[in-house]
Amino acid sequence: MAKKNQELAGKSAVELTEDAAKMRRDLFDLRFKHSTKSLTDTMAIRRTRRQIARVLTAAKQKSPTP
């Protein structure tokens with residue numbers, strides 16, 4: 001897990017929010033596939049949700065606080 005966080009540390013806050021938006025679209029697609037019974041790897045939903053949380057946490061840490 002530390003490697004995943006190190007990759008995120010090298011990105012800017014803007015890049016991280018763009019990545020989060022892309023992952024949210026992917027999550028929507030995964031949920032749609034799951035509801036139509038065409039998703040074989042159901043753990044992908046959980047992994048994507050957790051990756052979104054990692055990205056948003058890193059973005060929040062990089063953003064300036066008022």
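What you see is a predicted model, and the numbers here were worked out from it, not measured in a lab.

A.B. asks: Describe the overall build of the chain, naming the residues involved and giving the relevant values.
C.D. replies: Along its length, the chain carries three helices and zero strands. Helices (α) and strands (β) of the chain occur, in sequence order from the N terminus, as α-α-α. In summary, the chain has a C-alpha radius of gyration of 14 Å against a globular reference of 11 Å for 66 residues, an excess of more than 25%. A principal-axis box enclosing the C-alpha atoms of the chain has dimensions of 45 × 25 × 15 Å. Looking at the chain as a whole, 24% of its 66 residues qualify as buried. Split by element, the accessible area of the chain, about 5,200 Å² in all, is 55% carbon and sulfur. Between the averaged position of the 16 positive side-chain charges in the chain and that of its 7 negative side-chain charges there is a distance of 8 Å.

A.B. asks: Run through the side chain of Thr48, naming residues and quoting values.
C.D. replies: Here Thr48 is to be found in helix H3 (residues 43-62). Classification of Thr48 as buried rests on a relative accessible area of 14%. In this view, Thr48 contacts Met23, Leu27 and Leu30; residues no more than four positions away in its chain are not counted.

A.B. asks: How would you explain the environment of Gln51 if you had to name every residue and give the values?
C.D. replies: With respect to the helices and strands, Gln51 occurs in helix H3. Taking C-alpha positions, Gln51 is 9.9 Å from Asp19, a pair spaced 32 residues apart along the chain. Leaving out residues up to four positions away in the same chain, Gln51 has contacts with Lys4, Leu8 and Met23.

A.B. asks: Could you give me a rundown of unusual backbone geometry, with the residues and numbers involved?
C.D. replies: Of note in the backbone geometry, Lys37 takes a positive phi value of approximately 65° without being a glycine. Inspection of the secondary structure puts Lys37 in the loop between helix H2 (13-35) and H3.

A.B. asks: Mind laying out H2, listing which residues take part and the relevant values?
C.D. replies: An α-helical turn contains 3.6 residues, so any two residues separated by three or four positions project in the same direction. Taking 1.5 Å per residue, 23 residues should reach 33 Å; H2 reaches 33 Å between its end C-alpha atoms and fits that length. Along H2, the positions that sit buried rather than exposed are Leu16, Ala20, Met23, Leu27 and Leu30. Two residues or fewer after H2 comes Lys37, characterised by a positive phi angle close to 65°.

Reading the values: rules and limits
- Residues numbered from 1 in each chain as written.
- Predicted model: local features only at pLDDT ≥ 70, side-chain atom pairs only at ≥ 80, totals over all residues.
- Heavy atoms only, no water.
- Helix = DSSP H or I, 4+ residues; strand = E, 2+ residues; numbered from the N terminus.
- Rg over C-alpha atoms; globule rule 2.2 N^0.38 Å.
- Buried < 20%, exposed > 50% of the residue type's maximum accessible area, 1.4 Å probe, protein only.
- Areas by Shrake-Rupley, 256 points an atom, 1.4 Å probe, with all protein chains shown as cover.
- Lys, Arg positive; Asp, Glu negative; His and termini not counted.
- Charge placed at Lys NZ, Arg CZ, Asp CG, Glu CD.
- Contact = heavy atoms within 4.5 Å.
- Expected span 1.5 Å × (residues − 1).

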